[in-house]
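Architecture at a glance
One letter stands for each residue in the lines below.
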Amino acid sequence: MTKRVPPRTTVVVVGAGHSGLAVSQRLGAEGIDHVMLERGEVAHSWRTQRWDSLRLLTPGWMNRLPGLPEPVLGPADDDEFLTAAQVASLVTGYADTISAPVHENVGVERVSPTDDGYLVETSTGPWSAENVVLATGSVRGVTPALAADLPPGLPSVHAIDYRRPSQLPPGGVLVVGAAASGVQIAAELQASGRQVTLAVGEHVRAPRRYRGRDIFAWIDAAGVLDERWDEVEDVVRARRLSSFQLVGGTETLDLNTLQEAGVRVVGKLAGLREGTALFSGSLTNMAALADLKLNRLLNTIDETVGGTGERPEPTRVPAPVLSASLTSGEIRSVVWATGIKPDHSFLDADVFDHKGAIRHDGGVTGPAGLYVTGLPVLRRRRSTYIDGARADSADLVSHLTRRLADPTRRTAG
Ligand SMILES: Cc1cc2nc3c(=O)[nH]c(=O)nc-3n(C[C@H](O)[C@H](O)[C@H](O)COP(=O)(O)OP(=O)(O)OC[C@H]3O[C@@H](n4cnc5c(N)ncnc54)[C@H](O)[C@@H]3O)c2cc1C
């Protein structure tokens, strides 16, 4: 039997979320032949890995994508926060508008270097390409190792698989992690009638509105979002930092508002021993650090735009609670809101650091013609958000175009 010769293209883009599609739009504009391979449907993550009530924490004007008309900014653009379903439909409409060459239901299973680029093995057969752009998002929920010590039978779910309160049994819930996902899910569960205990480690606090405008309008005006990855003081830390405690809308969501709603706020989950959750005594420090950083951010805004605004009240730290029973009925389920990360395990190349993260310099990896996009602070702070894809895709495709124009270029193998 003869072996099938894989179809050849100049660029394979893996993943059809907004980041991959933005790259496709730029490649199309440069006339560069490419295909997009997507394991599910376009915007698969937004259809399958978000809870029902989720709204973007970024306002409508931050949904700009290359090739779409830019919104004419007005005050209302501060107040529009899309639901996950609306983001899925925005991204799907975008794929149609730019006529992206997406092959849906094609899972990429292995990418390996060859003499003339890369062999991309998929669930439906191989492709061959000189260049590969990984745009597979952060699709894997991270749970701490101590999760293995949960009492047998205690239901637990990662935020990536959480959909709605009715998914959990009645009774108290321990939510671990106080970034955007943790505080939003804690608020929703408390409002549904559960007693929520929220375990809080290092977190990033921000008021929803400041000086009469949405916080992102100021963060943008102060130039914070345009700080480049190679100018950020500690980019490794910046890339790991948790998301702002924010929820789409006009209301602030932080440890103070959660406590007003009845959520019990405790320190970081430090251990699980004999059916008891043990919390660290570091909450006071964590809250003080978050307040300090919040005031630094607001100082930066004030220094840039002039004047000052009313500062949020410092975080109110309750009397310490250092343990809670997971077996007496006090807590009947656990939600891990402990982060998400990419899954590049299909990549057969020497590009990973000691923590298993892909090494890259602003999205350009070591092997020739291998790029990655859609990661936090990839090329600028804005890269963390949908809005970052415009500039990131322009930079990466410009690098790729220069590479293709060089007759002496190396290939991966
Ligand atoms: C809970 C949550 C809330 C968020 N809130 C905001 C927000 O408020 N504002 C904002 O701007 N952004 C928000 N983000 C989105 C964040 O900006 C994006 O997730 C990130 O920028 C990555 O986008 P992406 O297009 O690279 O990835 P995704 O949108 O995740 O797309 C990746 C695609 O790759 C596909 N894929 C993965 N592996 C494979 C494979 N092996 N083979 C083929 N296809 C594959 C997936 O199916 C998926 O369709 C949020 C994300 C999460 C998880």
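A brief report on the enclosed structure follows. In this text, all values refer to a predicted model and were calculated from it rather than measured experimentally.

1. Digging into the overall build of the protein
Looking only at helices and strands, the protein features nine helices and 21 strands. Relative to the compact-globule value of 22 Å for 413 residues, the protein shows a C-alpha radius of gyration of 23 Å, a close match. Residues classed as buried in the protein amount to 50% of the 413 residues present. Considering only contacts within the protein whose residues lie at least 6 apart along the sequence, 72% involve residues at least 24 apart. As displayed, the protein has an accessible area near 18,400 Å², and 51% of this comes from carbon and sulfur atoms. Measuring between centres, the 43 positive side-chain charges of the protein sit 2 Å from its 48 negative side-chain charges.

2. What about the packing of helix α1 (residues 18-29) against helix α9 (residues 389-405)?
Running from N to C, α1 and α9 cross one another at 50°; their axes reach a closest spacing of 9 Å. As judged from the angle between their axes, α1 and α9 are oblique. In the crossing of α1 with α9, the sense of the turn from one axis to the other is right-handed. On the side of α1, the interface is formed by His18, Ser19, Ala22, Val23, Arg26 and Leu27, while α9 contributes Ala389, Arg390, Ser393, Ala394, Val397 and Leu400.

3. Points about the site of the ligand
Taken together, 29 residues form the shell around the ligand, and within it Glu38, Ser45, Leu57, Thr58 and Ile386 come nearest. One of the side-chain nitrogen or oxygen atoms of Arg39 is found 3.0 Å away from an oxygen atom of the ligand. Between Ile386 and the ligand, the recorded distance is 2.7 Å, taken from a backbone N or O atom to an oxygen atom. Isolated, the ligand exposes 990 Å² of accessible area, and the fraction of that covered by the protein chains is 91%. When contributions to the shell around the ligand are tallied by element, the ones reaching two or more residues are α1 and α2 (44-48). Looking at the shell around the ligand residue by residue, the classes come out as 14 nonpolar, 12 polar and three charged.

4. Section: the packing of α1 against helix α3 (residues 84-97)
With their axes 10 Å apart at the nearest point, α1 and α3 run at an angle of 20° to one another. In this view, α1 runs roughly parallel relative to α3, as classed from their interaxial angle. For the pair α1 and α3, the sense of crossing is left-handed. Taking contact as the criterion, the partners of His18, Leu21, Ala22 and Gln25 in α1 are, on α3, Val91, Tyr94 and Ala95. Tallied by class, residues from the contact of α1 with α3 come to five nonpolar, two polar and no charged.

5. Considerations on the pairing of strand β2 (residues 34-37)
Neither face of β2 is left uncovered, since the one carrying His34 and Met36 and the one carrying Val35 and Leu37 both have all their residues buried. For strand β1 (residues 8-14) and β2, the ladder comprises four bridges, and the chain directions are parallel. What sits directly across from Val13, in β2, is Met36. Each parallel crossover has a hand, and for β1 linked through α1 to β2 it is right-handed. By the bridge criterion, two bridges tie β2 to strand β3 (residues 102-103) in an arrangement that is parallel. Across the sheet, residue Leu37 finds its bridge partner in β3, namely His103.

6. Observations concerning the packing of aromatic side chains
Applying the stated rule across the entire model yields two aromatic pairs. Note on Phe216 and Phe244: the rings are 6.1 Å apart at their centroids and 85° apart in plane angle, and the pair reads as edge-to-face. Taken together, the residues Phe216 in helix α5 (residues 215-221) and Phe244 in strand β14 (residues 244-245) connect sequence positions 28 residues apart. Between the aromatic rings of Phe216 and Tyr385, the centroid separation amounts to 5.3 Å while the plane-to-plane angle is 80°, which identifies the pairing as edge-to-face. Here Phe216, found in helix α5, pairs with Tyr385, found in the loop between β21 (370-372) and α9; they are 169 residues apart in sequence, far enough to count as distant. Take Phe216: its relative accessible area is 0%, and that puts it in the buried class.

7. Topic: the sheet that holds strand β15 (residues 264-267)
Pairing in this open sheet of five strands is parallel, and the strands run β8-β19-β9-β10-β15 from one edge to the other. Since the sheet does not close on itself, it has two edges, and those belong to β8 (156-158) and β15, each with one partner. Between one strand axis and the next, the sheet turns through 20° on average, direction left out of account. Across four bridges, strand β9 (residues 173-176) lies against strand β19 (residues 333-336) in parallel orientation. By the bridge assignment, Val173 is partnered in β19 with Ser333.

8. Some words on the environment of Ala277
With respect to the element layout, Ala277 can be found in strand β17 (residues 276-279). Taking the C-alpha atoms as reference points, Ala277 and Ala129, separated by 148 residues in sequence, lie 50 Å from one another. When near neighbours in sequence (up to four residues on either side) are disregarded, Ala277 contacts Leu174, Leu269, Gly271, Leu272, Leu322, Ser323, Ala324 and Leu326.

9. Here we look at helix α8 (residues 283-305)
The terminal C-alpha atoms of α8 lie 33 Å apart, and with 23 residues this matches the ideal 33 Å at 1.5 Å per residue to within 8%. Here α8 has its buried residues at Leu283, Met286, Ala287, Ala290, Asp291, Leu294, Leu297, Leu298, Ile301 and Asp302. Contact partners of the buried residues in α8: β10 (196-200), β11 (204-205), β12 (209-210), α5, β14 and β15. Gly306 lies just past α8 and shows a positive phi near 85°.

10. Focus on the side chain of Thr83
Topologically, Thr83 is positioned in the loop between α2 and α3. The class of Thr83 is buried, set by a relative accessible area of 19%. Sequence-distant contacts of Thr83, defined by excluding residues within four places in its chain, comprise Leu54 and Arg55.

11. A few points about the environment of Ser166
Relative to the elements of secondary structure, Ser166 occurs in the loop between β8 and β9. Between the C-alpha atom of Ser166 and that of Ser192, which follows or precedes it by 26 residues, the distance is 8.8 Å.

What counts, and at which threshold
- Residues numbered from 1 in each chain as written.
- Predicted model: local features only at pLDDT ≥ 70, side-chain atom pairs only at ≥ 80, totals over all residues.
- Heavy atoms only, no water.
- Helix = DSSP H or I, 4+ residues; strand = E, 2+ residues; numbered from the N terminus.
- Rg over C-alpha atoms; globule rule 2.2 N^0.38 Å.
- Buried < 20%, exposed > 50% of the residue type's maximum accessible area, 1.4 Å probe, protein only.
- Contact = heavy atoms within 4.5 Å.
- Areas by Shrake-Rupley, 256 points an atom, 1.4 Å probe, with all protein chains shown as cover.
- Lys, Arg positive; Asp, Glu negative; His and termini not counted.
- Charge placed at Lys NZ, Arg CZ, Asp CG, Glu CD.
- Axes fitted to C-alpha atoms, helices over the stretch in contact; angles between N-to-C directions.
- Parallel < 35°, antiparallel > 145°, perpendicular 65-115°, else oblique.
- Left-handed = near helix turned anticlockwise from the far one by under 90°.
- Near = heavy atom within 4 Å.
- Polar contact = N/O pair within 3.5 Å; in protein donor to acceptor, adjacent residues only side chain to side chain.
- Nonpolar A, V, L, I, M, F, W, Y, C, P; charged D, E, K, R; others polar.
- Pairing = 2+ DSSP bridges.
- Right-handed = clockwise from strand over helix to strand, strands pointing away.
- Phe/Tyr/Trp six-rings, centres within 6.5 Å; stacked < 30°, edge-to-face > 60°.
- Expected span 1.5 Å × (residues − 1).

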